[in-house]
Amino acid sequence: MNYTFSNRIASLQPSIIREILKASSGQNVIPFSAGNPAPETFPIEAIRTFTQSILEQDPVTALQYGITEGYVPLRAALQQHLEQNFNTGKPSDQLFIVSGAQQGIELACKVLCNEGDTIICESPSFIGSLNSFRASGAKLAGVPMETDGMDIDKLEHALQTEPNVKMIYVIPSFQNPTGVTTSLEKRQAIYALAKKYGVMILEDNPYGELRFKGEDVPTIKSMDEDGLVIYVGSFSKILSAGLRVGFVQAPHEVVEKMVVAKQGEDVHTAMLPQILAHRFMTEYDYAGHINLIRDVYLRKATLMMDKLQEHLGDAVTYTRPDGGLFLWCDLPAHVPMVDYAKTAAAQGVAVVPGNAFLVNEQDPCNAIRLNFSTPSDEQIAKGVEILGQVLRNSF
């Protein structure tokens, strides 16, 4: 059989970098390349108790079809939570449930972008979103990240010069992969430019509740008086990634189209996880659980940074995140980044080469992404020591 693939998929090729990561996976590998929540933050007993209760008290609702917009009590609880804690949700907005934030990102692209339209992204940015945009046939334009967010001058230049810009995609809080938090001034500037040039903002905020240092910064969605912002969030980092429950808050007209698009993908998000998420929000110590996660990640991030200073010292520079799961480590100029990642993997430590996150993977990059949430404290200490040994002994 000769297979003819669609135009939007036929040109996509496996990334050499992601093939390196696949080869470096295994039980004995220290997973600095992961992006998973810390297993010790899962409220396993609560999930077990809630699941049993749901299946005893209301099994039909949990096992039957639901409406595409999502479980009504969960939507109501989320609406109240977002209004109280993030100041989002104007009367013109609507909230609906998706199968993980990734689906919300993909749906936003699907309903707003034609093939060949441009999406402006932070560069580097979340690889899952970049691949989703690429698969849709959109053109990506990268704007370099600075220590406080996008380079605003270059963002405006992209808005002026790129054809058919439809969206600006941003992860303002504890960005994946850099760990950078966009300043209030830059959030305001991004919104002002979106309004000036008549484009939508896709604000991805999966880590927004994971701040373990400093003061919260208002979301861009909280500034949205003009119906410009699609806000995407998730339970993946605060309840369970495997349940695949996310949400979208956006102008009513946009949500209507996203709901229709979702009906063609999975009809609705699975009901049992939605009901679990609602119970978690309304019958569990939600605030206490978030504080527990923050304490865990503060400890892990501090340990990783302390060990980087101990074993790599001034040879590298790295972000000092105020929350989230990641930090971004720049290697010395003389060290070939991909070779370093390969050598580290051979020594049992998996890191992500930085150019995996670039809009154009061929652009120069000499950084790696490190994750501190997935590995244990012992793995963090051992893994960073090995990274130091690789740097000294191989380069």
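Residues numbered from 1 in each chain as written. Predicted model: local features only at pLDDT ≥ 70, side-chain atom pairs only at ≥ 80, totals over all residues. Heavy atoms only, no water.

## A word on a nonpolar patch on the surface
On the surface, Met1, Tyr3, Phe5 and Ile9 cluster together into a nonpolar patch covering about 550 Å² of accessible area. When you line up the elements, Tyr3 lands in the segment before helix H1 (7-10). With relative accessibility at 62%, the residue Tyr3 sits in the exposed group. (Patch = residues over 30% accessible without salt bridge, like charges linked within 9 Å, V, L, I, M, F, W, Y side chains within 5 Å. Areas by Shrake-Rupley, 256 points an atom, 1.4 Å probe, with all protein chains shown as cover. Salt bridge = Lys/Arg side-chain N within 4 Å of Asp/Glu carboxyl O. Helix = DSSP H or I, 4+ residues; strand = E, 2+ residues; numbered from the N terminus. Buried < 20%, exposed > 50% of the residue type's maximum accessible area, 1.4 Å probe, protein only.)

## A short note on the domain arrangement of the chain
Domain annotation of the chain identifies domain 1 (11-43 + 288-394) and domain 2 (64-283). Averaged C-alpha coordinates put domain 1 and domain 2 at centres separated by 25 Å. Opposite the 28 residues of domain 1 that make contact, domain 2 presents 32 residues. Taking both sides of the interface into account, the surface hidden between domain 1 and domain 2 amounts to around 2700 Å²; carbon and sulfur atoms contribute 67%. Contact with domain 2 buries surface across domain 1, with Asp322, Phe357 and Val359 losing the most and accounting together for 26% of the total. Our count for the contact surface shared by domain 1 and domain 2 stands at 1 salt bridge. Arg211 is the salt-bridge partner of Asp322, the closest N and O atoms lying 3.9 Å from each other. For the pair domain 1 and domain 2, the number of links is 11 residue pairs in polar contact (both at pLDDT 80 or more). For the side of domain 1 that touches domain 2, the secondary structure elements donating two or more residues are helix H12 (286-311) and strand S11 (326-330). The element best represented in the side of domain 1 that touches domain 2 is H12, accounting for 7 residues. Along the lines of polarity and charge, the residues of the side of domain 1 that touches domain 2 split into 19 nonpolar, 5 polar and 4 charged. (Domains from an automatic or database assignment. Contact = heavy atoms within 4.5 Å. Buried area = accessible area lost by both parts, 1.4 Å probe. Polar contact = N/O pair within 3.5 Å; in protein donor to acceptor, adjacent residues only side chain to side chain. Nonpolar A, V, L, I, M, F, W, Y, C, P; charged D, E, K, R; others polar.)

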